[in-house]
Amino acid sequence: MKIAPFKVEEFMNKYEANAVFDLTTTCIKPLTINELCPNIKQEVFNIPLGYGDITGSENLKKEISSLYTNQDLRNITVTHGAIGANQLVFNALLEKDDEVVCIVPVYQQHYSIPESIGARVRLYFLKEENNWLPDIDDLKKIISSKTKLLCINTPNNPTGAVIPNWLLEEIVKIAQYNNVWILSDEVYRGLNLIGNPYSLSVADIYDKGISVGSMSKTYSLPGLRVGWICAREDLINEVNHHRQYNTISISILDDYFAAYALKNRGWISERNFSILKNGHDIFTDWLSQEELVSCIIPTGGTTALIKYHKKIPSLELCKKLYNIAQIAILPGETMEMEGFLRIGLCANNLKPALSLFSEFLKRV
């Protein structure tokens, strides 16, 4: 099977590790084991290191189901991160020549994996003038009875746009009319900066809605590599059929820590909102003073997509920035968004990094 190079991951693999200022990050400062559960070490040491429950423990599935309003354990399977969840959905649902509509910008696997399967992928580009939100009239034109799957992401990476509940319900109506599945990548769900931190989940409001979640972003545990799929039971059964070939079970320790974190997510949310709000304030203050960039202010998630007002390709700009100032920023070219850059709002040393970036923009 041939597949396109994963441009975001390849860029980050090359530049993020050795950068003095890593603004490519999409995570909120990861928790340590001591921070997560300082008083249960002996219990952890007594866990037998077997395979554990193949599709996720009952404890973990119960905690995941509590994030939704209409789901139970039969509607959930646990995966190797959200990246594993998305791939399993594509493998279980799609065949050659199926039509997929994918909202862009989004994580590249949403369109590159369907393309590698042989699906016909139609990209729908969000518009800056629409605050990076889907336009219902546009979706009605691109989605038809020939469409099998619509891929969305909310809160969106990289724009930080959150699809309002009323708009998600309108998108569902279009999908329902055309009998289309919706895959909603909701790894930043719980990080809305306006109103309820948790938006509606598509699996809760649509029979053919598939919600993907993760411990990586909202819960600051990317090292666990725990994700999940929430969908109707027949699709979960088909996903689990494919799952046997590439996952068996996740680590029993990852399962344990994920369940513990979700059970105690109240204080984790408070911690993470404090970090996110601080980064958001730093970013918006910088943005108000920097004339060489513009941005639709994010309403959720951990990233912002900025437009820079310089005549230089984004990849060239980011390479120069790294070589001169040791700052890593993700170029829009890696996300099909030339002329833009993605900045992580929860990056370490965000304020001095943005100050250095401003000095660089004056000279480039």
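Our structure is the block above this text.
Residues numbered from 1 in each chain as written. Predicted model: local features only at pLDDT ≥ 70, side-chain atom pairs only at ≥ 80, totals over all residues. Heavy atoms only, no water.

Caption draft 1: Highlighting the pattern of salt bridges. All told, the structure shown has 14 salt bridges when counted by the stated rule. Measuring nitrogen to oxygen at the nearest pair gives 3.6 Å for the salt bridge that ties Arg120 to Glu99. You can see Arg120 sitting in strand β4 (residues 120-125) and its partner Glu99 sitting in strand β3 (residues 99-104), a full 21 residues away along the chain. For Arg120, a relative accessible area of 42% translates into the label partly exposed. Close ionic contact of Lys320 with Glu316 constitutes a salt bridge, the shortest N to O distance being 3.5 Å. You can see Lys320 and its partner Glu316 sitting in helix α13 (residues 314-325), 4 residues apart, about one turn around the helix. Overall, Lys320 belongs to the partly exposed group, its relative accessible area being 36%. (Salt bridge = Lys/Arg side-chain N within 4 Å of Asp/Glu carboxyl O. Helix = DSSP H or I, 4+ residues; strand = E, 2+ residues; numbered from the N terminus. Buried < 20%, exposed > 50% of the residue type's maximum accessible area, 1.4 Å probe, protein only.)

Caption draft 2: Seen up close, the pairing of strand β5 (residues 147-153). The buried count for β5 comes to 6 of 7 residues, which makes it a mostly enclosed element. Taken together, the 4 bridges between β3 and β5 define a ladder with parallel strand orientation. The residue of β5 that forms the bridge with Val100 is Leu149. Relative to strand β6 (residues 181-185), β5 runs parallel, the two being bridged by 5 bridges. Looking at the pairing, Ile152 lines up with Ser184 of β6. (Pairing = 2+ DSSP bridges.)

Caption draft 3: A look at the pairing of strand β10 (residues 303-308). With respect to burial, β10 is a largely interior element, 5 of its 6 residues being buried. With 3 bridges joining them, strand β9 (residues 293-295) and β10 adopt antiparallel strand pairing. If you follow Val293 over to β10, its bridge partner there is Tyr308. Across 5 bridges, β10 lies against strand β13 (residues 340-344) in antiparallel orientation. For Thr303, the partnering residue across the bridge sits in β13 and is Gly344.

Caption draft 4: Structural context of the sheet that holds β10. Here we have 4 strands laid out as an open sheet, ordered β9-β10-β13-β12, and antiparallel in their pairing. Because the sheet does not close on itself, it has two edges, and the strands there are β9 and β12 (330-331). Both β12 and β13 contribute to a ladder of 2 bridges, which runs antiparallel. Bridged to Pro331 within β13 is Leu341. Running over the sheet, helix α14 (residues 350-363) touches β9, β10 and β13 and is turned about 160 degrees from β13. (Contact = heavy atoms within 4.5 Å. Axes fitted to C-alpha atoms, helices over the stretch in contact; angles between N-to-C directions.)

Caption draft 5: Looking closely at unusual backbone geometry. Cis geometry is adopted by the peptide bond preceding Pro155, which originates at Thr154 and carries an omega value of -15 degrees. With respect to the helices, strands and loops of the structure, Pro155 is situated in the loop between β5 and α8 (165-178). Between Asn157 and the following residue, Pro158, the backbone shows a cis peptide bond with an omega angle of 25 degrees. The backbone phi angle of Ser220 is positive, close to 55 degrees, even though this residue is not glycine. Within the secondary structure, Ser220 sits in the loop between β7 (209-214) and β8 (226-230). Judged by relative accessible area, Ser220 falls into the buried class, the value being 0%.

Caption draft 6: Expanded view of the nonpolar core. In terms of nonpolar packing, the biggest core is built from 96 residues, with Ile229 and Phe357 touching the most fellow members. Of the residues forming this core, the biggest block, 7 residues, is contributed by helix α5 (residues 81-93). (Core = buried A, V, L, I, M, F, W, Y, C linked by side-chain atoms within 4.5 Å.)

Caption draft 7: Molecular detail of the packing of aromatic side chains. By the definition in use, this model includes 7 aromatic pairs. With a centroid separation of 5.0 Å and an interplanar angle of 55 degrees, the aromatic rings of Phe6 and Tyr107 are classed as tilted. Here the residue Phe6 occupies a position in the segment before α1 (7-15), and Tyr107 occupies one in the loop between β3 and α6 (109-117), the gap between them amounting to 101 residues. Geometrically, the ring pair formed by Trp132 and Phe340 is edge-to-face, given 5.6 Å between the ring centres and 75 degrees between the ring planes. Here Phe340 lies in strand β13 and Trp132 lies in the loop between β4 and α7 (136-142), a separation of 208 residues in the sequence. (Phe/Tyr/Trp six-rings, centres within 6.5 Å; stacked < 30°, edge-to-face > 60°.)

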